[in-house]
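Each chain is listed here by its residues.
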Amino acid sequence: MRVDRLLSMLLIISKRGMVTGKELAEHFEVSLRTIYRDIEKIGEAGIPIASIGGSGGGYYLMENFQVDNLFFKSSGSPNVHGSHE
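Since the model is a prediction, treat every value here as computed from it, not as a measurement.

A.B. asks: Could you give an account of the side chain of Arg5, with specific residues and numbers?
C.D. replies: Following the sequence through the fold, Arg5 ends up in helix 1 (residues 2–16). We classify Arg5 as buried; its relative accessible area is 17%. Ignoring sequence-local partners within four residues, the contact set of Arg5 consists of Phe28, Val30, Thr34 and Asp38.

What follows is the structure, encoded as structure tokens:
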């Protein structure tokens, strides 16, 4: 599922600091083109993701962005929408 892959990509990049498109493609067993499209979608969602080209380059999350910001409100409680019965 694409959403699972996008979230997993964010967690991997957050943990490792910088990851190449090739590494992501091999990890998720998809084409490099699919990774390019996924990275574009992550950026469109407002996640500050950037890249450095060439040898030693890759994708990284810009400074001061933490993946925790996606899942938690400033109060520390989960940012999950839904109804409670």
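A.B. asks: Please provide a residue-by-residue account of the pairing of strand 2 (residues 58–61), values included.
C.D. replies: Here 4 bridges tie strand 1 (residues 49–52) to strand 2, and the two strands are oriented antiparallel to one another. Looking at the pairing, Ile49 lines up with Leu61 of strand 2. With antiparallel pairing between neighbouring strands as the criterion, strand 1 and strand 2 make up a hairpin whose turn holds 5 residues, including Gly54 at a positive phi of roughly 85 degrees.

A.B. asks: Account for the nonpolar core, naming residues and giving values.
C.D. replies: By size, the foremost hydrophobic cluster in this structure holds 17 residues, and its most contacted members are Met9, Ile13, Leu24, Ile39, Ile42, Ile49 and Leu61. Residue assignment for this core shows that the elements contributing at least two residues are helix 1, helix 2 (21–28), helix 3 (32–44) and strand 2. Looking at which element gives the most residues to this core, the answer is helix 1, with 5 residues. When residues no more than four places from it in sequence are discounted, the contact partners of Ile39 are Met9, Ile13, Ile49 and Tyr59.

A.B. asks: Requested: an account of the pattern of salt bridges, with residues and values cited.
C.D. replies: Taken as a whole and judged by the stated rule, the model has 4 salt bridges. Here Asp38 makes a salt bridge to Arg2, at a shortest N to O gap of 3.2 Å. Within this pair, whereas Asp38 is found in helix 3, its partner Arg2 is found in helix 1, the two being separated by 36 residues in sequence. For Asp38, a relative accessible area of 1% gives the class buried.

A.B. asks: Residue-level account of the environment of Ser55, with values.
C.D. replies: By secondary structure assignment, the location of Ser55 is in the loop between strand 1 and strand 2. Among the residues examined, Ser55 registers a relative accessible area of 84% and is labelled exposed. Spatially, the C-alpha atom of Ser55 lies 9.7 Å from that of Thr20, the residues being 35 residues apart in sequence.

A.B. asks: Summarise helix 3; cite the residues concerned and give the values.
C.D. replies: Along its 13 residues, helix 3 runs 19 Å from first to last C-alpha, staying within 8% of the 18 Å computed at 1.5 Å per residue. Among the residues making up helix 3, those that are buried are Thr34, Ile35, Asp38, Ile39 and Ile42. Projected onto a plane normal to the axis of helix 3, the buried residues spread over an arc of 140 degrees and lie on a single side. Contacts from the buried residues of helix 3 go to helix 1, helix 2, strand 1 and strand 2. The positive-phi residue at the C-terminal boundary of helix 3 is Gly46, with phi of around 95 degrees.

About the cut-offs
Residues numbered from 1 in each chain as written. Predicted model: local features only at pLDDT ≥ 70, side-chain atom pairs only at ≥ 80, totals over all residues. Heavy atoms only, no water. Helix = DSSP H or I, 4+ residues; strand = E, 2+ residues; numbered from the N terminus. Buried < 20%, exposed > 50% of the residue type's maximum accessible area, 1.4 Å probe, protein only. Contact = heavy atoms within 4.5 Å. Pairing = 2+ DSSP bridges. Core = buried A, V, L, I, M, F, W, Y, C linked by side-chain atoms within 4.5 Å. Salt bridge = Lys/Arg side-chain N within 4 Å of Asp/Glu carboxyl O. Expected span 1.5 Å × (residues − 1). Arc of directions from axis to C-beta.

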